[in-house]
Amino acid sequence: MSKKKTRKPKHVPQRMCVVCRQKFDKRQLTRVVRTANMGVIIDPTGKQNGRGAYLCDQLVCWDKVIKGPGVLNQALNTELNVAEIEMLAAYRAISNNK
């Protein structure tokens, strides 16, 4: 008689979108991070050092952050400047076309 080993399902990290407050798998979200030397940037790897916040792929959430970045400012504990908001808008436009 052989024993079958049952494998535990692999743990999938969950994160919450800072705008809509819904939980998703970490890989489904886009990480925005405040770094010490580069300011606020998009972190496609999810491993960049710094304070991070997550946004889901819903255009409504991206539009809210671009039009009024208050919730992202609070999550990152900073004030986004015009260039950083424009970078987020450009990323939204590019990712929307994929």
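Bear in mind that the values here come from a model prediction, so they are computed numbers and not experimental data.

What counts, and at which threshold
- Residues numbered from 1 in each chain as written.
- Predicted model: local features only at pLDDT ≥ 70, side-chain atom pairs only at ≥ 80, totals over all residues.
- Heavy atoms only, no water.
- Helix = DSSP H or I, 4+ residues; strand = E, 2+ residues; numbered from the N terminus.
- Buried < 20%, exposed > 50% of the residue type's maximum accessible area, 1.4 Å probe, protein only.
- Salt bridge = Lys/Arg side-chain N within 4 Å of Asp/Glu carboxyl O.
- Disulfide = S-S within 2.5 Å.
- Expected span 1.5 Å × (residues − 1).
- Arc of directions from axis to C-beta.
- Contact = heavy atoms within 4.5 Å.
- Polar contact = N/O pair within 3.5 Å; in protein donor to acceptor, adjacent residues only side chain to side chain.

Some thoughts on unusual backbone geometry
Thought 1: With a phi angle near 65 degrees, Arg21 is a residue other than glycine that sits in the positive phi range.
Thought 2: Position of Arg21 among the secondary structure elements: in the loop between strand E1 (14-16) and strand E2 (23-25).
Thought 3: Its identity as a non-glycine residue notwithstanding, Asn77 has a phi of 60 degrees, on the positive side.
Thought 4: Note that Asn77 resides in the loop between helix H2 (70-76) and helix H3 (82-96).
Thought 5: Overall, the relative accessible area of 58% leaves Asn77 in the exposed class.

So, the pattern of salt bridges
Oppositely charged side chains may form a pair once their charged atoms are brought near each other.
Thought 1: By the definition in use, this model includes 2 salt bridges.
Thought 2: Between Arg31 and Asp43 there is a salt bridge, and its shortest N-O distance comes to 2.7 Å. Pair noted here: Arg31 is in strand E3 (residues 30-35) and Asp43 is in strand E4 (residues 39-43), with a separation of 12 residues, a long-range link. Both residues of the pair, Arg31 and Asp43, count as buried.
Thought 3: Ionic pairing is found between Asp63 and Arg92, a salt bridge with its closest N-O pair at 2.8 Å. Pair noted here: Asp63 is in helix H1 (residues 59-67) and Arg92 is in helix H3, with a separation of 29 residues, a long-range link.

Considering the state of the cysteines
Thought 1: Applying the stated criterion across every chain yields a total of 0 disulfides.
Thought 2: No disulfide involves Cys20; its nearest neighbouring cysteine sulfur is the one of Cys17, lying 3.7 Å away.
Thought 3: Cys61 forms no disulfide, and the closest cysteine sulfur to it belongs to Cys56, at a distance of 3.5 Å.
Thought 4: A relative accessible area of 2% means that Cys61 is categorised as buried.

Quick word on H3
Count 3.6 residues to each turn of an α-helix, and residues three or four apart come out pointing the same way.
Thought 1: For H3, which comprises 15 residues, the first-to-last C-alpha distance of 21 Å matches the rise-based estimate of 21 Å (1.5 Å per residue) to within 8%.
Thought 2: For H3, the full list of buried residues reads Glu84, Ile85, Leu88 and Arg92. Relative to the axis of H3, the buried residues are bounded by an arc of 100 degrees and lie together on one face. Those residues of H3 that are exposed and aimed more than 90 degrees away from the buried face are Val82, Ala83, Glu86 and Ile94.
Thought 3: Buried-residue contacts for H3 involve E3, E4, H1 and H2.
Thought 4: The N-terminus of H3 is capped by Asn81, whose side-chain oxygen sits 3.1 Å from the backbone nitrogen of Ala83.

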